[in-house]
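# Analysis of the macromolecular model
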Amino acid sequence: DGGITQSPKYLFRKEGQNVTLSCEQNLNHDAMYWYRQDPGQGLRLIYYSQIVNDFQKGDIAEGYSVSREKKESFPLTVTSAQKNPTAFYLCASSMSGSQGNQPQHFGDGTRLSIL
Amino acid sequence: KQEVTQIPAALSVPEGENLVLNCSFTDSAIYNLQWFRQDPGKGLTSLLLIQSSQREQTSGRLNASLDKSSGRSTLYIAASQPGDSATYLCAVRPLGSGYSTLTFGKGTMLLVSP
């Protein structure tokens, strides 16, 4: 089945540690996105990528980094510079489509907590 | 800057009721509006996508309308069931130069009791 796979489902980070969240899609989508979701808040965009080897900062990119070496994969690294990383992280993808009229599809998320 | 508001924040209804969830946005210059469902601890499931040129979309017991000029959308759920219990989010894709991404509301948490 086509879909978006995020791993791991749960992740714990120690102080000063970088951690990487995986996102893989087999939908042949061009665009991929990372969002952060905190309780009582809407989703906030961290980074997005329209094509391989290119990505753009979203609204809250500080303390995060990404790469897009393959069309299928868009890993997110939460660096030690991100002082409040506890949140639910969601990856999404979409066809590029003209005028951005394609729906976004989401993975099941990774819950990151601080040890 | 585009802002999306969803009212009410939470809603509890008995099974069988028809209900309406509301979404408003501050800037009517949008490509489209998308409604999602989120179950606890899970990702988002896309329910309906309405392009800016459309007035409504239907899928089964769900009907979403869009009034772009007034900055409003509604999600109508007919004959609600306990399995409809979830958080419903709306998101808009703003028009603009270059590539734009979704702006989300905070969601409406729906509980349908048997």
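Just above sits the structure.
Conventions adopted
Residues numbered from 1 in each chain as written. Chains lettered and ligands numbered in written order. Predicted model: local features only at pLDDT ≥ 70, side-chain atom pairs only at ≥ 80, totals over all residues. Heavy atoms only, no water. Helix = DSSP H or I, 4+ residues; strand = E, 2+ residues; numbered from the N terminus. Rg over C-alpha atoms; globule rule 2.2 N^0.38 Å. Buried < 20%, exposed > 50% of the residue type's maximum accessible area, 1.4 Å probe, protein only. Contact = heavy atoms within 4.5 Å. Lys, Arg positive; Asp, Glu negative; His and termini not counted. Charge placed at Lys NZ, Arg CZ, Asp CG, Glu CD. Areas by Shrake-Rupley, 256 points an atom, 1.4 Å probe, with all protein chains shown as cover. Salt bridge = Lys/Arg side-chain N within 4 Å of Asp/Glu carboxyl O. Polar contact = N/O pair within 3.5 Å; in protein donor to acceptor, adjacent residues only side chain to side chain. Nonpolar A, V, L, I, M, F, W, Y, C, P; charged D, E, K, R; others polar. Pairing = 2+ DSSP bridges. Phe/Tyr/Trp six-rings, centres within 6.5 Å; stacked < 30°, edge-to-face > 60°. Axes fitted to C-alpha atoms, helices over the stretch in contact; angles between N-to-C directions.

### Digging into the overall build of chain B
Tallying secondary structure elements over chain B gives 0 helices and 11 strands in all. What you see in chain B, going N to C, is helices and strands ordered as β-β-β-β-β-β-β-β-β-β-β. At 14 Å, chain B has a C-alpha radius of gyration in line with the 13 Å of a compact globule built from 114 residues. Looking at the 114 residues of chain B, the share that counts as buried comes to 46%. Of the contacts made within chain B by residues no fewer than 6 positions apart, 55% connect residues no fewer than 24 positions apart. Taken as two groups, the 9 positive and 8 negative side-chain charges of chain B have centres that lie 7 Å from each other.

### Focus on the overall build of chain A
Regarding its fold elements, chain A presents 0 helices and 11 strands. Taking 13 Å as the expected radius of gyration for a compact globule of 115 residues, we find that chain A reaches 13 Å, a close match to that expectation. By its C-alpha atoms, chain A is 40 × 30 × 30 Å across when sized along the principal axes. Counting over 115 residues, chain A shows a buried share of 46%. Considering only contacts within chain A whose residues lie at least 6 apart along the sequence, 54% involve residues at least 24 apart. Total accessible area computed for chain A in this model is approximately 5600 Å², and 46% of it derives from carbon and sulfur atoms. Each charge sign in chain A was given a centre, from 11 positive and 11 negative side chains, and these centres are 7 Å apart.

### Notes on the interface of chain B and chain A
On the chain A side, the residues contacting the 20 residues of chain B number 25 residues. Taken together, the links from chain B to chain A amount to 0 salt bridges. Counting every contact that joins chain B to chain A gives 3 residue pairs in polar contact (both at pLDDT 80 or more). Every element with two or more residues in the side of chain B that touches chain A is listed here: β4 (30–38), β5 (44–51) and β9 (86–94) of chain B. Counting residues per element, the side of chain B that touches chain A draws most heavily on β4 of chain B, at 5 residues. Considered class by class, the residues forming the side of chain B that touches chain A number 8 nonpolar, 9 polar and 3 charged.

### Quick look at the pairing of strand β3 (residues 19–25) of chain A
Residue and element names in this part refer to chain A. Residues Val19, Leu21, Cys23 and Gln25 point to one face of β3 and are all buried, whereas Thr20, Ser22 and Glu24, pointing to the other face, are not buried. Across 4 bridges, strand β1 (residues 4–7) lies against β3 in antiparallel orientation. Bridge pairing links Ile4 to Gln25 in β3.

### Describing the packing of aromatic side chains
Throughout the structure, instances matching the rule amount to 9 aromatic pairs over all chains. Centre to centre, the rings of Tyr35 of chain A and Phe106 of chain A are 5.6 Å apart; their planes meet at 35°, and the pair counts as tilted. Residue Tyr35 of chain A is found in strand β4 (residues 31–37), and its partner Phe106 of chain A is found in strand β10 (residues 105–106); the two are separated by 71 residues along the sequence. Each member of the pair, Tyr35 of chain A as well as Phe106 of chain A, carries the same accessibility label: buried. Centroid distance Phe106 of chain A to Phe104 of chain B: 6.2 Å. Interplanar angle 80°. Geometry classified as edge-to-face. Residue Phe106 of chain A is located in strand β10, and its partner Phe104 of chain B is located in strand β10 (residues 103–104); the two belong to separate chains. A residue is classified by how much of its surface remains accessible, and Phe106 of chain A, at 11% relative accessible area, is buried. Connected via pairs of aromatic rings, a cluster forms that spans Tyr33, Tyr35, Tyr48 and Phe106 of chain A together with Phe36 and Phe104 of chain B.

### Observations concerning the sheet that holds strand β8 (residues 76–78) of chain A
Residue and element names in this part refer to chain A. The strand order across the open sheet formed by 4 strands is β1-β3-β8-β7, and the pairing between neighbours is antiparallel. Strands with a single pairing partner mark the edges of an open sheet, and in this sheet they are β1 and β7 (64–66). The sheet shows a mean angle of 20° between the axes of neighbouring strands, direction not considered. Alignment of β7 against β8, held across 3 bridges, turns out to be antiparallel. Following the sheet pairing, Ser65 is matched in β8 by Thr77.

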